[in-house]
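These are the residues of each chain, in order.
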Amino acid sequence: MPNYDKLLQASLPEVLDAAIETINFEHEDIDSLLEANVVEFENLNFCVFGYFNRKDVFCLNRAGRRLLEIYQSPFEPSRSVSKPTFSLSLNPFHACDDLDVIETCRPKHHVKELISLTWGDTWLRGSKYPIRSTAGLTMAILFAGREMLGSEQIQNASFRHKAFQHQCGEN
């Protein structure tokens, strides 16, 4: 039981920092990073994924894979999905956060990510961390966060609609 008490007392950022240290500055290139032991991320209770660019997600932990599950109402006919999908929005606005992390080699907190799943899109809020090679160069980005509440997602969508409506012209 003493270990269980320590687990409950550990804050998520400390647990995440410890997990990141297991892969940061440990690999020379992308191929060796793909072989990294990411077991430390599996049991974290927030979504963690790593990517090289916005099209190449290479790691998704258990909490992230749970997002892939499709809600199935008992009143609907059962449906099956041959291949679950998880992809990041290719919007340049989100890529700006990636560039900040790459250029400064420092984490960026309170960022939002729009991800596309088999069942639709959802927003996550969290932090982005650089994963650096043994030479100190940023090889990948690691995102850790949680799905935003429904009310927050609606507010976020409304804000983005208002902000970008003027770029496309008014109706």
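Refer to the structure presented above.
Residues numbered from 1 in each chain as written. Predicted model: local features only at pLDDT ≥ 70, side-chain atom pairs only at ≥ 80, totals over all residues. Heavy atoms only, no water.

## Overview of the environment of glycine 150
Within the secondary structure, glycine 150 sits in helix H7 (residues 150-168). The exposure class assigned to glycine 150 is partly exposed, which follows from its relative accessible area of 47%. Each C-alpha atom of the pair glycine 150 and threonine 122 lies 9.2 Å from the other, and the pair is 28 residues apart in sequence. (Helix = DSSP H or I, 4+ residues; strand = E, 2+ residues; numbered from the N terminus. Buried < 20%, exposed > 50% of the residue type's maximum accessible area, 1.4 Å probe, protein only.)

## With respect to the pattern of salt bridges
Scanning all chains against the criterion turns up 7 salt bridges. The partner of glutamate 113 in a salt bridge is arginine 54, and the shortest N-O contact between them spans 2.6 Å. Of this pair, glutamate 113 sits in strand S4 (residues 108-117) while arginine 54 sits in the loop between strand S1 (47-51) and strand S2 (57-60), placing them 59 residues apart in sequence. Comparing glutamate 113 with arginine 54, the two get one shared label, buried. Lysine 128 serves as the salt-bridge partner of glutamate 113, at 2.5 Å between the closest nitrogen and oxygen. With glutamate 113 in strand S4 and lysine 128 in strand S5 (residues 120-132), the pair connects residues that are 15 residues apart, well separated along the chain. (Salt bridge = Lys/Arg side-chain N within 4 Å of Asp/Glu carboxyl O.)

## Regarding unusual backbone geometry
The phi torsion at phenylalanine 25 lies on the positive side, around 60°, for a residue other than glycine. Among the secondary structure elements, phenylalanine 25 is positioned in the loop between helix H2 (12-21) and helix H3 (30-34). Even without a glycine there, the phi angle at histidine 110 is positive, about 60°. Tracing the backbone shows histidine 110 in strand S4. Taking the relative accessible area as the measure of exposure, histidine 110 reaches 72% and is therefore exposed.

## Thoughts on the packing of aromatic side chains
Tallied over the entire structure, the rule returns 3 aromatic pairs. With 5.0 Å between their ring centres and 25° between their planes, phenylalanine 49 and phenylalanine 143 make a pair best called stacked. Taken together, the residues phenylalanine 49 in strand S1 and phenylalanine 143 in strand S6 (residues 138-147) connect sequence positions 94 residues apart. For phenylalanine 49, a relative accessible area of 0% translates into the label buried. With a centroid separation of 4.4 Å and 15° between ring planes, the pair formed by phenylalanine 52 and phenylalanine 58 is classed as stacked. Looking at phenylalanine 52, the relative accessible area reads 23%, which means it is partly exposed. Three or more aromatic residues joined by ring pairs form one cluster here, namely Phe49, Tyr51 and Phe143. (Phe/Tyr/Trp six-rings, centres within 6.5 Å; stacked < 30°, edge-to-face > 60°.)

## Here's the deal with the nonpolar core
The nonpolar side chains of a soluble globular protein tend to be buried with one another. Within the largest apolar cluster, 16 residues are counted, with the highest numbers of intra-cluster contacts made by Leu16, Ile20, Phe41, Val48, Ile131 and Leu142. Counting only elements with at least two residues in this core, the list comes to H2, S5 and S6. Examining the composition of this core, we find that 4 residues originate from one element, S6, more than from any other. Dropping the residues within four chain positions of it, isoleucine 131 is found in contact with Ile20, Ile23, Asn24, Leu33, Leu137, Thr138, Met139, Ala140 and Leu142. Counting residues in hydrophobic clusters, the runner-up holds 15 residues, among them Phe49, Val111, Leu117 and Phe143. (Core = buried A, V, L, I, M, F, W, Y, C linked by side-chain atoms within 4.5 Å. Contact = heavy atoms within 4.5 Å.)

## Some remarks on the pairing of S6
Burial within S6 is extensive, with 7 of its 10 residues counted as buried. Inspection of the sheet shows S1 paired to S6 by 5 bridges, in the antiparallel sense. Note on S6: the bridge partner recorded for glycine 50 is leucine 142. Hairpin geometry of S5 and S6 is characterised by an intervening segment of 5 residues between the two adjacent antiparallel strands and by a positive phi of about 95° at glycine 136. (Pairing = 2+ DSSP bridges.)

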